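# Architecture at a glance
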Amino acid sequence: MPEQRTAIRTCPLCEATCGLELTIEGRELVRVRGDKEDVFSHGYLCPKGVALTELESDPNILRTPLVREGDEFREATWDEAFERVDAGLRPILDQHGRDAVGLYLGNPNVHNLAGSLYGRVLIKALSTKNFFSATSVDQMPKQLSSGLMFGTGISIPIPDIDRTDYMLMLGANPFASNGSLFTAPDLPGRIRSLRRRGGKLVVIDPRRTQTAKEADEHHFIVPGTDAQFLFGIVNSLFANDLTKPGALLEHTNGIEEVRELAKEFTPARVAEICGIGDDIIERLAREIAVANRAVVYGRIGTCTQEFGTIASWLVDVINVLTGNLDRVGGAMFTTPAAGGPTTHGKPGIGRGVKIGRHRSRVRGLAEVFSELPVACLAEEILTPGHGQIRGFISLAGNPVVSTPDSERLDLALAGLDFMVSVDIYINPTTRHADVILPAESALSRGHYDYAFYLLSCRNIANYSPPSVPLADGAMPEWEILLRLAAIVAGQGPHADVAAFDEMVARDVLQRGLTNPSSPAFGADADLAWKEVADRTGPERLIDIMLRTGPFGEAFGRKPDGLSLAVLEANPHGIDLGPLVPRIPEVLRTPTGKIELAPEPIAADIERLRASMTRRRNGGMVLVGRRQLRSNNSWMHTLPMLSGGTNTCTMHIHPHDAERFGVKDGELASVTSSAGSIGVVAEITDAVMPGVVSIPHGWSGEKGEISNVLAPADLIDALSGNAVLNGIPVTVEPV
Ligand SMILES: Nc1nc2c(c(=O)[nH]1)N[C@H]1C(S)=C(S)[C@@H](COP(=O)(O)OP(=O)(O)OC[C@H]3O[C@@H](n4cnc5c(=O)[nH]c(N)nc54)[C@H](O)[C@@H]3O)O[C@H]1N2
Ligand SMILES: Nc1nc2c(c(=O)[nH]1)N[C@H]1C(S)=C(S)[C@@H](COP(=O)(O)OP(=O)(O)OC[C@H]3O[C@@H](n4cnc5c(=O)[nH]c(N)nc54)[C@H](O)[C@@H]3O)O[C@H]1N2
Ligand code: SF4
Ligand SMILES: [Mo]
């Protein structure tokens, strides 16, 4: 029997960043418990964290590069695999230009330092206009509204959950998801303590979710009408003289414009559209306004819908108008220890955000933060002409399952000249690849939640070293990404990774030392380099970012400040305290003010106005849902997570089931303008009449791909984000 040992690390599976205590025997992970000493999660963990043992030992996980041989894959050496990639991508780039190679980044990239820090090296090396990511089936509307209001795509206000008295939550179900754009381990516990201390939670969701059941109040909302509902609240705040931006007033432009824009959206008018009574809308407006500390929070249900950007914007409009933005117990900005867009450049002013600097070739959709809406990926592959995508790279993504019009994208990927995927499974997307490059086990890499400490409800810094050594024959994902970057940059399949990595690190250091917001601004570059030269890869980059970040040791200037060494000495993390007010310093708009009525959003209200006369006439719409023991399109196959309540069924209200003759436990057919799937019906009054709900992420034997039903032309016109909630469908028994 090999000896057992314990390793402490942060869970890489969701945004909650829980601390884990792993029991390891040799290389084998035998048990996972919550790390009670973790400064942020205090021992909390969910079933997915426990299932890491099964993930680690899953025989289906890829450990060796695969190359295509006809219709089959066969194992290959790393050298052969990279040579195949070079031979596949070079001719496309040489003959058809950079835009002929498309790139898609999936969700796990933000849970992994390789993806977060080296993904951008590959993006830059490729410089294709055809860059896509899971962002445009997720939070793009929130990033866009935040960018337009506060100056950067990551200037996203986070609920100060531990100190608030009142929370209005729309389109989120943290009892299943554990929170999103809102890093707060044990969010269920934090919500319960809000209520224990006398606070109130109100949930707005077309389904009576677990979160809704734990709330003081829940209201069904017609899918896709949050913008109208929230406008009703704004209207009511103005009409009843309840606006009190207080100290924000001198930092805010556009309050009067918002008053004008909100005028026609009276509670009485929007009530008919969203299905929530005007008396309730008026009361909620008053409650938020008079609460000592209140916060409005919207998540994926408010983003992946027709008016996603307007709804996301209105969430923060209410936070500003009621004086709750940037206030303790309200919606606050994180101060990220490793730095980020809100700690770069001159404090309090910036370039702001522009969109549409280029457009998609076929449909002319606008670029947002340099990416194109993934809803147009299939047509960019299928439509011939100059700039057509012929080669494709997918990094930790499964767009066939997670993005609109799955059948068409499946067809499109099948016709590519060449495709390479970096992934750990063969799945509906990577099965089309010519080469699959497997990432190493998450346990054999260092971990720092660079992305999620930008969105965290406390300021936290926590680094986990690798818990097990790299397996024989494995390659760290950051090296894989650098080798791909070298290939697309024309350096061939055998580039000198160490030299490339040094170049990347020197560049990150340079950015840190020339950042006027950094305590290390102007420090000597040669001396600074000596301090970090011994490290390599993501560890070196994070070390530089911590040292030059707002709490950094700034290369000797602040001896008590942070560096990677300090985090290595504190395996349970360092709590840098609750969020602190940051306005005006946090702003990066050209005016140095909060833009409460940004021009692109004000212009988009016309579209919302036009929708007000639409009537539904008894039609059905589809929404999604997440289950606690799920993780987007992967991990379904693990025994601990499948079965029980975690099944792919269609929730339908008893009235609708009767109306359409659909029987509980029997197959029903659901059809939209994009396609049709068969799914087992589950009759429940937890979903509102007129709405059916099918979880996303399923494929194969255990469930159907729900995005077969998502039409590629249904997008939030402003952000290009896919509409995945509120899709018109018909339902019938099979
Ligand atoms: N209808 C509907 N569709 C949705 C949603 C919805 O609510 N409803 N939600 C959307 C949202 S929020 C998201 S984020 C997207 C997710 O969409 P994607 O990011 O496209 O899909 P994931 O299921 O997260 O796929 C992750 C892939 O990464 C692989 N992977 C896991 N770990 C690693 C690793 O360490 N390295 C590498 N290289 N690969 C790894 C997995 O095998 C899997 O293939 O789906 C979106 N789609
Ligand atoms: N267990 C588990 N956890 C996860 C994931 C997972 O797949 N499984 N995925 C992770 C990812 S990538 C993300 S982005 C987060 C998402 O985190 P959350 O946003 O909390 O995700 P959901 O649980 O899908 O909750 C969305 C809710 O929006 C509701 N909804 C749908 N349409 C509308 C609408 O028009 N208006 C309103 N107000 N509500 C609507 C749905 O009924 C659903 O309850 O979860 C993360 N955590
Ligand atoms: S809540 Fe998220 S971070 Fe915490 S154990 Fe579960 S999957 Fe991991
Ligand atoms: Mo997501």
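Residues numbered from 1 in each chain as written. Chains lettered and ligands numbered in written order. Predicted model: local features only at pLDDT ≥ 70, side-chain atom pairs only at ≥ 80, totals over all residues. Heavy atoms only, no water.

### So, the sheet that holds strand β27 (residues 691-693)
Pairing within the closed barrel is mixed, and its six strands lie in the order β23-β27-β24-β26-β25-β28. Within this sheet the neighbouring strands show an average axis-to-axis angle of 45°, counted without direction. By the bridge criterion, five bridges tie strand β25 (residues 667-671) to strand β26 (residues 676-683) in an arrangement that is antiparallel. Looking across to β26, one finds that Ala668 is bridged to Val679. (Pairing = 2+ DSSP bridges. Helix = DSSP H or I, 4+ residues; strand = E, 2+ residues; numbered from the N terminus. Axes fitted to C-alpha atoms, helices over the stretch in contact; angles between N-to-C directions.)

### Digging into a nonpolar patch on the surface
On the surface, Leu667, Val680 and Val734 cluster together into a nonpolar patch covering about 270 Å² of accessible area. By the element assignment, Val734 lies in the segment after β28 (727-733). With a relative accessible area of 72%, Val734 lands in the exposed category. (Patch = residues over 30% accessible without salt bridge, like charges linked within 9 Å, V, L, I, M, F, W, Y side chains within 5 Å. Areas by Shrake-Rupley, 256 points an atom, 1.4 Å probe, with all protein chains shown as cover. Salt bridge = Lys/Arg side-chain N within 4 Å of Asp/Glu carboxyl O. Buried < 20%, exposed > 50% of the residue type's maximum accessible area, 1.4 Å probe, protein only.)

### Examining helix α21 (residues 537-548)
Given a rise of 1.5 Å per residue, 12 residues ought to cover 16 Å, and the 17 Å separating the end C-alpha atoms of α21 matches this to within 8%. Among the 12 residues of α21, 12 are classified as buried, and the element is accordingly described as predominantly covered. (Expected span 1.5 Å × (residues − 1).)

### Concerning the site of ligand 1
Within the structure, ligand 1 sits among 30 residues, and Tyr104, Asn107, Asp423, Asn427 and Ser633 are positioned closest to it. Side-chain polar atom of Ser633 to an oxygen atom of ligand 1: 2.6 Å apart, as the coordinates give it. Burial of ligand 1 by the surrounding chains reaches 96%, relative to a free accessible area of 910 Å². Those elements that provide at least two residues to the shell around ligand 1 are α16 (399-402) and β16 (418-423). Residue composition of the shell around ligand 1, grouped by class: 13 nonpolar, 12 polar and five charged. (Near = heavy atom within 4 Å. Polar contact = N/O pair within 3.5 Å; in protein donor to acceptor, adjacent residues only side chain to side chain. Nonpolar A, V, L, I, M, F, W, Y, C, P; charged D, E, K, R; others polar.)

### Concerning helix α14 (residues 308-321)
With 14 residues, α14 should reach 20 Å at 1.5 Å per residue; the first-to-last C-alpha distance of 20 Å fits that figure. Among the 14 residues in α14, 14 count as buried, and that is most of the element. After α14 finishes, the residue Gly323 shows a positive phi value of roughly 75°.

### What to know about the packing of aromatic side chains
Working definition: an aromatic ring pair is given by the centre-to-centre distance plus the angle between the planes. For the structure shown, the criterion picks out seven aromatic pairs. Arranged with centres 5.2 Å apart and planes meeting at 80°, the rings of Phe150 and Phe333 form a pair that is edge-to-face. Note that Phe150 is positioned in helix α5 (residues 140-150) and Phe333 in the loop between β14 (331-332) and α15 (377-382), a separation of 183 residues in sequence. Considered together, Phe150 and Phe333 belong to a single accessibility category, that of buried residues. Geometrically, the ring pair formed by Phe182 and Tyr297 is edge-to-face, given 5.0 Å between the ring centres and 65° between the ring planes. Of this pair, Phe182 sits in the loop between α6 (174-177) and α7 (187-196) while Tyr297 sits in strand β13 (residues 294-298), placing them 115 residues apart in sequence. Judged by relative accessible area, Phe182 falls into the buried class, the value being 0%. (Phe/Tyr/Trp six-rings, centres within 6.5 Å; stacked < 30°, edge-to-face > 60°.)

### Examining the site of ligand 2
Near ligand 2 there are 31 residues, and of these Ser177, Asp205, Asp226, Ser630 and Asn632 occur at the shortest range. Asn173 places a main-chain nitrogen or oxygen 2.9 Å from an oxygen atom of ligand 2. Here Asp205 contributes a side-chain N or O atom positioned 2.7 Å from an oxygen atom of ligand 2. Notes on ligand 2: free accessible area 920 Å², of which the protein chains cover 97%. Only α6 and α13 (300-303) provide two or more residues apiece to the shell around ligand 2. Classifying every residue of the shell around ligand 2 by side-chain character gives 10 nonpolar, 14 polar and seven charged. When we break the shell around ligand 2 down by domain, the ones giving at least three residues each are domain 2 (160-338 + 583-609) and domain 3 (617-733). (Domains from an automatic or database assignment.)

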